[in-house]
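Here is how the chains run, residue by residue.
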Amino acid sequence: MAKLTGPTGKVYAVDIQERMLEALKGYAARDGVTNIETILSRPDDPMLPAGALDLILMVDVYHEFDNPQVMLQKLRAALKPGGRMVLLEYRKEDPNVPIRLEHKMTVAEAKAEVEAEGFRLDKVIDTLPRQHILIFVPGPRKVQ
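Anyway, here's the lowdown on the structure attached to this text. A quick note: this is a predicted structure, and the numbers were derived from the prediction, not measured. (Residues numbered from 1 in each chain as written. Predicted model: local features only at pLDDT ≥ 70, side-chain atom pairs only at ≥ 80, totals over all residues. Heavy atoms only, no water.)

What the protein chain contains, in helices and strands, is four helices and seven strands. Counting helices and strands in the order they occur from the N terminus, the protein chain gives α-β-α-β-β-α-β-β-α-β-β. Here the C-alpha radius of gyration of the protein chain, 16 Å, is about what a compact globule of 144 residues would show, namely 15 Å. Out of the 144 residues in the protein chain, the part that is buried amounts to 38%. In the protein chain, the proportion of contacts linking residues at least 24 apart, taken out of those at least 6 apart, comes to 63%. Working note: accessible area of the protein chain is about 8700 Å², and carbon and sulfur atoms make up 54% of it. (Helix = DSSP H or I, 4+ residues; strand = E, 2+ residues; numbered from the N terminus. Rg over C-alpha atoms; globule rule 2.2 N^0.38 Å. Buried < 20%, exposed > 50% of the residue type's maximum accessible area, 1.4 Å probe, protein only. Contact = heavy atoms within 4.5 Å. Areas by Shrake-Rupley, 256 points an atom, 1.4 Å probe, with all protein chains shown as cover.)

With that settled, the discussion passes to a nonpolar patch on the surface. Taken together, the side chains of Met1, Leu55, Leu57 and Val59 make up a nonpolar region of the molecular surface, amounting to roughly 360 Å² of accessible area. Within the secondary structure, leucine 55 sits in strand E3 (residues 53-59). By relative accessible area, leucine 55 is classed as partly exposed at 39%. (Patch = residues over 30% accessible without salt bridge, like charges linked within 9 Å, V, L, I, M, F, W, Y side chains within 5 Å. Salt bridge = Lys/Arg side-chain N within 4 Å of Asp/Glu carboxyl O.)

Looking now at the pairing of strand E7 (residues 131-138). The element E7 is largely enclosed, with a buried count of seven among its eight residues. Looking at chain direction, strand E4 (residues 79-91) and E7 are connected through six bridges and run antiparallel. Looking at the pairing, methionine 85 lines up with phenylalanine 136 of E7. Where strand E6 (residues 119-125) meets E7, six bridges bridge the pair, whose relative direction is antiparallel. The residue of E7 that forms the bridge with leucine 121 is phenylalanine 136. (Pairing = 2+ DSSP bridges.)

Right, let's get into the pattern of salt bridges. The tally for this structure, following the rule as stated, stands at 12 salt bridges. Its salt-bridge partner being lysine 25, residue glutamate 22 comes within 3.3 Å of it at the nearest N-O pair. With a gap of three residues between them, glutamate 22 and lysine 25 both fall in helix H2 (residues 18-31), about one helical turn apart. For the salt bridge of glutamate 109 with lysine 92, the shortest nitrogen-to-oxygen distance reads 2.8 Å. Here the residue glutamate 109 occupies a position in helix H4 (residues 107-115), and lysine 92 occupies one in the loop between E4 and strand E5 (104-105), the gap between them amounting to 17 residues. For lysine 92, a relative accessible area of 29% corresponds to the partly exposed category.

Everything listed here is a matter of geometry and, on its own, says nothing about what the molecule does.
In structure tokens, the structure reads:
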């Protein structure tokens, strides 16, 4: 992804496990990729710069958050105006997806949780065989 971002773009690689970030740094060095900044985050804070990101991509991550409301607020703050947040999550609606139930989400579940924290579901893409691609944009915060 960093190569596709181009020489003037930057990729922030965020994880709560330092070992994963060290492995990524090794792969980047091996491949000559220099536009990745790794961030050792906390379970309640991605530690991303405010208003700096065009796109946040989370692949099979969202369902792992201990406190998704706090994380979503901080992720929203990291987006630039016009930015997007994309979630890939295994389809809970499909019993044939061979993933444990707690690692799956329905579109309705993701929509309800994420929209409550100031996003709007913009698009659902179901071209992948096992996962939803859910594209969210900043929107009004829903009052509960």
